[in-house]
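What follows is the residue order along each chain.
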Amino acid sequence: MSLKSEDPNHFANLYNESRELKTRRIRILDSTLREGEQHPGVSFTIKQRIQIAWMLDSFGVDQIEISPVVSNDHFEATKTIIRQGLKADILAHVRAIKSDVDRAIDCGATWVATYLGISDIHLASKLKISREEAKVRALEVADYIKSHGLKSRFTMEDASRTDPDFLVEMCVEMNKRGIERISLPDTVGIMRPVGMHKMVTLILSHIDAAKTSLDVHCHNDVGLALANALAGCDAGADQIHTTIDGFGERTGIPSLAETAVALTFIYDCRSDLRLHMLKDLSRTISQYTHLETPESKPIVGDSAYKHKAGTHLAAILRDPSAYEILEPKLVGNRRKIVFGELAGKNGAGYLLSLLGLNTGREEAETLARGLKELRMGDVLELYLDDRLERKILNDAVAKVKTEERKENW
Ligand code: HCA
Ligand code: CU
């Protein structure tokens, strides 16, 4: 019996095994055009909004959210995007006010998403209405949308800080009216994954899930957004809200790239997304917003597939899965190796072989020492995309190793 499993992820998968998600398809709603535009410094032109919608649709998201009431430009963009006949549903996101719903109807929306803050703090400080008044307003608007024969989602804004009894009461009322979807946002990013799990479980224990499905919309104020959203899905929600690169109010919501990769490779419940577009989607947004993507950003950052320490280089050259969970090309990114004081003799040997120098272990060690003594940190980065490059590197390492072995004999 071999001690080593053929699949490098075999044991991790044993820990990760999720009975529920594997058999379900978790959907993605992308809100780059609504929540994303709420990020400081982000504002798209009409043309850019249309371009983003096409890209998101071709990537494979299930729903795209945009607000037609923000400005005339947003109205025009919403109207034009709805007319494109994309595969994804286009949701017009508006306040739970009839005049806003009319605006959504004017741009030809077939899906209307309304929101209303229902926590005591939102009711008291923002809306200055009672729970009862909030309920009446929400239900009137829900009925109004239905009376136009439209599909709708209702967002229980600040759900995570709402009295659970009131939250359940509101969800049950919406469910009775046949609202297609309810969004449960963690508006201020205060939840733990286990808390999100409990909240979704609670709602599902009171509603008829055949009539109404649940969205999770989690803010990233302490970096738990995606973990919270996935926990909500583990409990039975079936749609996660994302934006490209995670832009949104304050620190935003889960990034499309991280969500898509997690669902595909870690949760094993999607296989239809065009993941190779992810880096391009991120690049496009960065060009449009003039906000640089942090190089350490998972999946799409420039350093996401860079390898630096000598021990990592040595392993990567033989088999990249030693330090990577996916081939960077799958998400449109590229692998790089970094040479500097950490490169060690394997990295140095590779560098020498790239320069066409027929050298051995001693030269590699001298160069490795030199790189350390330069005190210049990283001196060179090279792409290491394909097999040929890896072969050159592998040969260089093999040479160093053979000489080492000879010496030990
Ligand atoms: C907002 C609030 C919201 C709504 C989420 C949703 C939130 O900025 O309008 O409609 O699902 O975080 O609660 O983004
Ligand atoms: Cu939000």
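Only a predicted model underlies this, so the values are computations on that prediction, with no experimental measurement involved.

Colleague: So what about the coordination of the copper ion (ligand 2)? Which residues, and what values?
Modeller: Those donors, Glu-35 (OE), His-217 (NE2) and His-219 (NE2), are the protein atoms that reach the copper ion (ligand 2), and they lie 2.1 Å from it. Within one chain, the residues donating to the copper ion (ligand 2) are spaced in sequence as E-x181-H-x1-H. With a gap of 182 residues between them, Glu-35 in the loop between strand E1 (27–30) and helix H2 (46–59) and His-217 in strand E7 (residues 213–218) connect regions that are remote in the sequence. Judged on exposure class, the residue Glu-35 and its partner His-217 are both buried.

Colleague: Can you lay out the pattern of salt bridges for me, pointing to particular residues and giving the numbers?
Modeller: This model, assessed by the stated rule, comprises 31 salt bridges. Lys-306 is the partner of Glu-381 in a salt bridge, and the nearest nitrogen-oxygen pair spans 3.2 Å. With Glu-381 in strand E11 (residues 378–383) and Lys-306 in strand E9 (residues 306–307), the pair connects residues that are 75 residues apart, well separated along the chain. Looking at Glu-381, the relative accessible area reads 32%, which means it is partly exposed. Glu-327 serves as the salt-bridge partner of Arg-335, at 3.3 Å between the closest nitrogen and oxygen. Under the relative-accessibility criterion, Arg-335 is labelled buried at 1%. A cluster of three or more residues bridged by salt bridges with shared partners is formed by Arg-25, Asp-62, Arg-270 and Asp-272.

Colleague: Pulling in residues and values, what's your account of the side chain of Arg-153?
Modeller: With respect to the helices and strands, the residue Arg-153 is situated in strand E5 (residues 151–157). Take Arg-153: its relative accessible area is 1%, and that puts it in the buried class.

Colleague: Help me get a handle on the domain arrangement of the protein chain, residues and values and all.
Modeller: What the domain assignment reports for the protein chain is domain 1 (19–289) and domain 2 (306–408). Measuring from the centre of the C-alpha atoms in domain 1 to the corresponding centre in domain 2 gives 45 Å. Facing seven residues of domain 1, the contacting portion of domain 2 comprises six residues. Looking only at domain 1, the three residues that lose the most surface to domain 2 are Phe-265, His-276 and Lys-279, adding up to 64% of its buried area. Counting across the interface, domain 1 meets domain 2 through zero salt bridges. The interface formed by domain 1 and domain 2 contains two residue pairs in polar contact (both at pLDDT 80 or more). Breaking the side of domain 1 that touches domain 2 down by element, the ones donating at least two residues are helix H10 (256–266) and helix H11 (278–289). It is H11 that provides the largest number of residues to the side of domain 1 that touches domain 2, a total of three residues. Among the residues making up the side of domain 1 that touches domain 2, the classes are represented as four nonpolar, one polar and two charged.

Colleague: With reference to specific residues and values, describe the sheet that holds E5.
Modeller: Pairing within the closed barrel is parallel, and its eight strands lie in the order E1-E2-E3-E4-E5-E6-E7-E8. Taken over all neighbouring pairs, the strand axes of this sheet differ in orientation by 25° on average, direction set aside. Helix H4 (residues 98–106) rests against strand E3 (89–95) and strand E4 (111–117) of the sheet, and its axis sits at about 155° to E3. Contacts from helix H8 (residues 193–204) reach strand E6 (181–186) and E7, with the element oriented near 155° to E7.

Colleague: Could you give an account of the pairing of E7, with specific residues and numbers?
Modeller: Of all six residues in E7, five are buried, a share of seventy percent or more. When E6 meets E7, the two strands line up parallel, connected through six bridges. The residue of E7 that forms the bridge with Ser-183 is Asp-215. In this sheet, strand E8 (residues 239–242) lies alongside E7 in parallel orientation, the contact comprising two bridges. Counterpart to Asp-215 in the pairing with E8 is Gln-239. Handedness of the crossover is the feature at issue here: the chain leaves E7, passes through helix H9 (residues 225–234), returns alongside E8, and the resulting connection is right-handed.

How each quantity is defined
Residues numbered from 1 in each chain as written. Chains lettered and ligands numbered in written order. Predicted model: local features only at pLDDT ≥ 70, side-chain atom pairs only at ≥ 80, totals over all residues. Heavy atoms only, no water. Donors = N, O, S within 2.8 Å, 3.2 Å for Na, K, Ca; no water. Helix = DSSP H or I, 4+ residues; strand = E, 2+ residues; numbered from the N terminus. Buried < 20%, exposed > 50% of the residue type's maximum accessible area, 1.4 Å probe, protein only. Salt bridge = Lys/Arg side-chain N within 4 Å of Asp/Glu carboxyl O. Domains from an automatic or database assignment. Contact = heavy atoms within 4.5 Å. Buried area = accessible area lost by both parts, 1.4 Å probe. Polar contact = N/O pair within 3.5 Å; in protein donor to acceptor, adjacent residues only side chain to side chain. Nonpolar A, V, L, I, M, F, W, Y, C, P; charged D, E, K, R; others polar. Pairing = 2+ DSSP bridges. Axes fitted to C-alpha atoms, helices over the stretch in contact; angles between N-to-C directions. Right-handed = clockwise from strand over helix to strand, strands pointing away.

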